[in-house]
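A structural walkthrough
This is what each chain is made of:
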Amino acid sequence: MANFDIDDFLRNLTPCPGVYRMLDAKGKVLYVGKAKNLKRRIKSYFRNSKLAPKIHVLVKQICDIKITVTHTENEALILESNLIKALQPRYNVLLRDDKSYPYIFLSADDFPRLGFHRGVKQVSGQYFGPYPNIRSVWQTLKLLQRVFPVRQCEDNFYRNRSRPCLQYQIKRCTAPCVGLISKKDYSQDIQHVVMFLKGRDQQVINELVIRMEEASGQLAFEQAAYYRDRIASLRQIQARQYISGEKKDIDVLGVALTEKMACVEVFFIRGGHNLGNKTFLPKLEGNLTPEELLSTFIAQYYLNRETPPILILSHQPKDMGLLTEVLSKQAGRKIALIKPVRGPKVQWIKMALANAKINLNQHLAEKSNITARFKSLQQLLSLANFPQRIECFDVSHIQGTATVASCVVFDREGPRKADYRRFNIKGIIPGDDYGALRQALMRRFKKKEGVFPDLLVIDGGKGQINQSLSVLKEIGITEITVLGIAKGPERKAGNETLFLAGYENPIMVTSDSPALHILQHIRDEAHRFAIVSHRKRRAKGGKLSLLEGISGLGPKRRRKLLIQLGGLQEITRAGVEDLAQIEGISLELAQRIYDVFHR
């Protein structure tokens, strides 16, 4: 607390509500807090002898305090949440995963499309969710397609159809693209989809029962059987997903704590259906009570985010009234925070708490395992210090096209996904892995910014190591240890060969070595991330860009080609003679088109 006169600071400090930021000697924000009375709150840090050890450590580092006065405590809570997300102060509870959540999207077209959506809601239509993860969205879409034959294809595919696709043949779509269903009949299916997603599935079943009886009465037994099968599918879904007694939108929050680790488990209940759960492992310094953690979590997670009408909590925060008021004002409707003491909601809390404890224990075990593997790696490579940060590079492409290099980062906590990087490689000879690796390393290290790794792992052997050392030497970096991990002759896990820069002979290691296991984990993660990045780059370019790059194939011919053959997939299957039959496509042009798709 050197160079900071707290008495002088408090003498002129306002008692108004607001937010305070505690800074260290380098001007870095250590902690962000809110207060109903700024003077009284900040004074408590320096006058109270019963502070937690974490606070004592924090206070010793304070060299300055910046304040922002707000009109109300409500505004202070919102500003505090925003600043914590932006500044990521060390001594605050930090959420590691604050991504936007996936939704099911229903477009506003004449024949609406059901699909996946994540991000800003810019396109007009209806959004249902949020869902805890992408997998739960795709599972729900798959269930919906079984029961309601509503199209899920992309618009560019839908608009260029001249005949029904496979989804129509297997009775998963009614082919509105080629006019095989009327707008009125299609809108009835859309209405049922909306009702189901809003939790009114029993009403959907009742309507289908009426239709089944009408069809049976008219001796239309095939149609009656069709409705019967849809009712049976809905009953199965209802039995598997329905939470008895509630048809509202609810989030259930359970907290588990140890001395240095915390877990918040959130279950998403929408319209009476359990959409699944998501685990949060917030980063924290020092001890917190479950009530304090839950208060901080709710403020960071739900402010500036769509909030369900009811939050059921395993513990009751002291500022629950303030949180209720702020969230209700944000949502424009009443938001209820409930700590149940009896009834079925207590069972939901028990479910959330049980999952939180299991996931916390599992994470602690994984963390302990990673630390042991890091120690084994230090011994294997004879490193002077325990490795604090490892980076691994890999390159992915298909026959030299859409080359992407990945960089993944591991520390003692495991993968640091926020630090992952992808590099779109340009200007190299197709298939030149050395050139791709050089470009990625140069872009990573040339500015000499950020934290450098203790160990740089390259997926490859001596050639890749030499390229890496050449780049580091050119930049002027000498303190990074470089290791290559090459697959064995049969490319089987456990048969890898390790090459440490500066040593002629490879390092021999057994397949059960913890050091090899962590290197395999890092290498496989780099490979996975490289493939994902490569696929995204290919998808971004799209097959349509292949058509656009063919000389002599202008917009009119492209459109005619797509319409006549029924889409890109059919173009890839067509032979030269088939392509040449399309009006305006000469034999020479057909050959060029065929060559592009069959290089």
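Given the structure is predicted, the values throughout are model-derived calculations rather than measurements.

**Brief notes about the overall build of the chain**
A count of helices and strands for the chain gives 21 helices and 18 strands. Taking the principal axes of its C-alpha atoms as reference, the chain extends roughly 85 × 70 × 45 Å. Side chains of the chain give 93 positive and 59 negative charges; the mean places of these two sets differ by 2 Å.

**Let's talk about the sheet that holds strand β8 (residues 262–270)**
An order of β9-β8-β7-β10-β11 is seen for the 5 strands of this open sheet, with the pairing classed as mixed. Because the sheet does not close on itself, it has two edges, and the strands there are β9 (273–280) and β11 (336–338). Direction aside, neighbouring strands of the sheet carry axes that sit 20° apart on average. Relative to β9, β8 is paired through 7 bridges, and the arrangement is antiparallel. Looking at the pairing, Val-264 lines up with Phe-280 of β9.

**Notes on the nonpolar core**
Considering soluble globular proteins, one finds that nonpolar side chains tend to be buried as a cluster. Counting 56 residues, the largest nonpolar core has Ile-104, Leu-253, Ile-298 and Leu-337 as the members making the most contacts within it. What Ile-298 contacts, discounting residues up to four positions off in sequence, is Leu-253, Leu-303, Leu-311, Leu-313, Leu-323, Leu-327 and Leu-337.

**Description of the sheet that holds strand β6 (residues 125–128)**
With antiparallel pairing, the 3 strands of this open sheet are ordered in space as β5-β4-β6. The sheet is open, and its two borders are formed by β5 (114–117) and β6, each paired with just one other strand. For this sheet, the mean angle separating the axes of adjacent strands, direction not counted, is 30°. As paired strands, strand β4 (residues 103–107) and β5 are joined by 4 bridges and run antiparallel to one another. Opposite Phe-105, over in β5, you have Gly-115 as the bridge partner.

**Comments concerning the pattern of salt bridges**
Throughout the structure, instances matching the rule amount to 21 salt bridges. Of the charged contacts in the structure, one is a salt bridge between Glu-154 and Arg-113, with a shortest N-O distance of 4.0 Å. Here Glu-154, found in the loop between α5 (134–147) and α6 (155–158), pairs with Arg-113, found in the loop between β4 and β5; they are 41 residues apart in sequence, far enough to count as distant. The exposure class assigned to Arg-113 is buried, which follows from its relative accessible area of 11%. In this structure, Lys-462 engages Glu-504 in a salt bridge whose closest nitrogen and oxygen atoms are separated by 3.3 Å. Note that Lys-462 is positioned in helix α15 (residues 462–475) and Glu-504 in the loop between β18 (497–500) and α16 (514–541), a separation of 42 residues in sequence. Given the relative accessible area of 60%, Glu-504 is considered exposed. Taken together, the salt bridges that share partners define one network made up of Arg-389, Glu-391, Asp-411, Arg-416, Asp-419 and Arg-444.

**Description of the packing of helix α11 (residues 290–302) against helix α12 (residues 320–331)**
Contact geometry for α11 and α12: axes closest at 11 Å, N-to-C directions at 10°. One element, α11, and the other, α12, form an angle in the roughly parallel class. Between α11 and α12, the residues in contact are Ser-295, Ile-298, Ala-299 and Tyr-302 and Leu-323, Leu-327 and Gln-330, respectively.

**Overview of helix α14 (residues 433–445)**
Taking 1.5 Å as the rise per residue, α14 with 13 residues should run 18 Å; its terminal C-alpha atoms sit 18 Å apart, in good agreement. Residues of α14 that are buried: Gly-435, Ala-436, Leu-437, Ala-440, Leu-441, Arg-444 and Phe-445. Where α14 begins, the capping side chain belongs to Asp-432, and its oxygen is found 3.3 Å from the backbone nitrogen of Tyr-434.

**Regarding the confidence of the model for the chain**
Looking at the chain as a whole, its pLDDT mean stands at 83, while 91% of the residues score no less than 70. Averaged pLDDT values over the elements of the chain bottom out at 61 in helix α17 (residues 544–548) and peak at 94 in strand β10 (residues 310–313). Across residues 239–245, confidence stays below pLDDT 50; counting only partners more than four residues off in sequence or on other chains, it has 14 contacts.

**Some details on the environment of Thr-279**
In this structure, Thr-279 sits in strand β9. The class of Thr-279 is partly exposed, set by a relative accessible area of 30%. For the pair Thr-279 and Leu-360, spaced 81 residues apart in sequence, the C-alpha to C-alpha distance is 9.1 Å. Not counting chain neighbours up to four residues away, the residues in contact with Thr-279 comprise Cys-263, Val-264, Glu-265 and Asn-359. Within the structure, the side chain of Thr-279 is placed 2.8 Å from the side chain of Glu-265, a separation counted as a polar contact. Only 3.0 Å separates the side chain of Thr-279 from the side chain of Asn-359, close enough to count as a polar contact.

Criteria and cut-off values
Residues numbered from 1 in each chain as written. Predicted model: local features only at pLDDT ≥ 70, side-chain atom pairs only at ≥ 80, totals over all residues. Heavy atoms only, no water. Helix = DSSP H or I, 4+ residues; strand = E, 2+ residues; numbered from the N terminus. Lys, Arg positive; Asp, Glu negative; His and termini not counted. Charge placed at Lys NZ, Arg CZ, Asp CG, Glu CD. Pairing = 2+ DSSP bridges. Axes fitted to C-alpha atoms, helices over the stretch in contact; angles between N-to-C directions. Core = buried A, V, L, I, M, F, W, Y, C linked by side-chain atoms within 4.5 Å. Buried < 20%, exposed > 50% of the residue type's maximum accessible area, 1.4 Å probe, protein only. Contact = heavy atoms within 4.5 Å. Salt bridge = Lys/Arg side-chain N within 4 Å of Asp/Glu carboxyl O. Parallel < 35°, antiparallel > 145°, perpendicular 65-115°, else oblique. Expected span 1.5 Å × (residues − 1). Polar contact = N/O pair within 3.5 Å; in protein donor to acceptor, adjacent residues only side chain to side chain. pLDDT = per-residue confidence, 0-100.

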